[in-house]
Amino acid sequence: LATNVRSDAVYNAFRGRLQGTDKNAVLDALRELENTLASTHLSLVGALEGSEGAALVASILNIEARQSVALAILTGRVLDDALTNSAVALSPVVGS
């Protein structure tokens, strides 16, 4: 499933939002990115063959989720809001 190539669509969607002086806007963009990546990795864990790859992706997912909560807390969100992830998973692109 891994193409080892950056998704330009995702990169371009967040690049502009990470520039500027509004700290909360930047933190919100980073939180959205972490939530999107966490949702994507969660959707892929079951599709992986073998337990080693699934364990690796699950360990990355765990960090993404924790970072998302930390970013939410930094912007002043309450814990219930910080723990909510409504991001849609990215669809994997199958390379040729």
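Residues numbered from 1 in each chain as written. Predicted model: local features only at pLDDT ≥ 70, side-chain atom pairs only at ≥ 80, totals over all residues. Heavy atoms only, no water.

### Let's talk about the overall build of the protein
To keep things clear, this is the line we draw: Labels follow the DSSP assignment, with helices taken as runs of H or I lasting at least four residues and strands as runs of E lasting at least two, numbered in each case from the N terminus. Exposure is judged per residue with a 1.4 Å probe applied to protein chains only, and the accessible area is read against the type maximum: over 50% gives exposed, under 20% gives buried, and values in between give partly exposed.
Counting secondary structure elements, the protein contains 4 helices and 0 strands. The order of α-helices and β-strands along the protein, N terminus first, is α-α-α-α. Expressed as lengths along the three principal axes of its C-alpha atoms, the size of the protein is roughly 40 × 30 × 15 Å. Per-residue burial over the protein gives 25% buried out of 96 residues.

### Quick word on the pattern of salt bridges
To keep it simple, the criterion reads: For this document, the term salt bridge refers to a Lys or Arg side-chain nitrogen within 4 Å of an Asp or Glu carboxyl oxygen.
A complete count under the given rule lists 4 salt bridges for this structure. We note a salt bridge from Asp8 to Arg6, for which the minimum N-O separation is 3.0 Å. Glu32 is the salt-bridge partner of Arg17, the closest N and O atoms lying 2.9 Å from each other. Separated by 15 residues along the polypeptide, Arg17 in the loop between α1 (8-15) and α2 (23-45) and Glu32 in helix α2 bring together distant segments of the chain. With relative accessibility at 35%, the residue Arg17 sits in the partly exposed group.

### Observations regarding the environment of Phe14
Relative to the assigned elements, Phe14 resides in helix α1. The class of Phe14 is buried, set by a relative accessible area of 8%. Remark: the alpha-carbon pair of Phe14 and Ala29, spanning 15 residues in sequence, is separated by 6.8 Å.

### Some points on helix α3 (residues 51-74)
In an α-helix, one full turn covers 3.6 residues, which means residues spaced three or four apart are oriented alike. Definition in use: Here the expected length of a helix is defined as 1.5 Å per residue gap, with one fewer gap than residues.
Compared with an ideal rise of 1.5 Å per residue, which puts 24 residues at 34 Å, α3 spans 35 Å between its outermost C-alpha atoms and is within 8% of the ideal. Every buried residue belonging to α3 is among Ala54, Val57, Leu61, Glu64, Ser68, Val69, Leu71 and Ala72, and all of these are buried. Just downstream of α3, Gly76 is the residue with a positive phi angle, here 95°.

### So, the packing of aromatic side chains
To be explicit about the condition: Classification of ring pairs rests on two measures: the distance between centres of Phe, Tyr or Trp rings, Trp counted by its six-membered ring, which must be within 6.5 Å, and the angle between planes, read as stacked under 30 degrees, edge-to-face over 60 and tilted in between. Both a distance and an angle decide whether a charge sits over a ring: NZ of Lys or CZ of Arg must be within 6 Å of the ring centre and within 35 degrees of the ring normal.
Scanning all chains against the criterion turns up 0 aromatic pairs. For the cation-ring pair, Arg6 lies above Tyr11, with the distance from its terminal atom to the ring centre recorded as 3.9 Å.

### Some words on α2
To keep it simple, the criterion reads: Two residues form a contact once any of their heavy atoms are found within 4.5 Å. Identification of polar contacts relies on pairs of N or O atoms within 3.5 Å, with a donor-acceptor requirement for protein atoms, meaning one able to donate a hydrogen and the other able to accept it, and with residues adjacent in sequence counted only if both atoms are side-chain atoms.
Here α2 spans 33 Å end to end across 23 residues, near enough to the 33 Å set by a 1.5 Å rise per residue. What α2 keeps buried is the set Val26, Leu27, Ala29, Arg31, Glu34, Asn35, Thr36, Ala38, Ser39, Thr40, His41 and Leu44. Looking at the buried side of α2, the elements it contacts are α1, α3 and α4 (79-82). For α2, the N-terminal capping position is held by Asp22, with its side-chain oxygen 3.2 Å away from the main-chain nitrogen of Asn24.

### Looking at a nonpolar patch on the surface
Keep this limit in mind: To count toward a patch, a residue needs a relative accessible area above 30% and no salt bridge. Like charges then connect within 9 Å, nonpolar side chains (Val, Leu, Ile, Met, Phe, Trp, Tyr) within 5 Å. Surface accessibility follows the Shrake-Rupley procedure with a 1.4 Å probe radius. Residue values consider only the protein chains on display as shielding.
A surface patch of nonpolar side chains, amounting to about 290 Å² of accessible area, comprises Ile73, Leu79 and Leu83. Note on Ile73: relative accessible area 42%, which makes it partly exposed.

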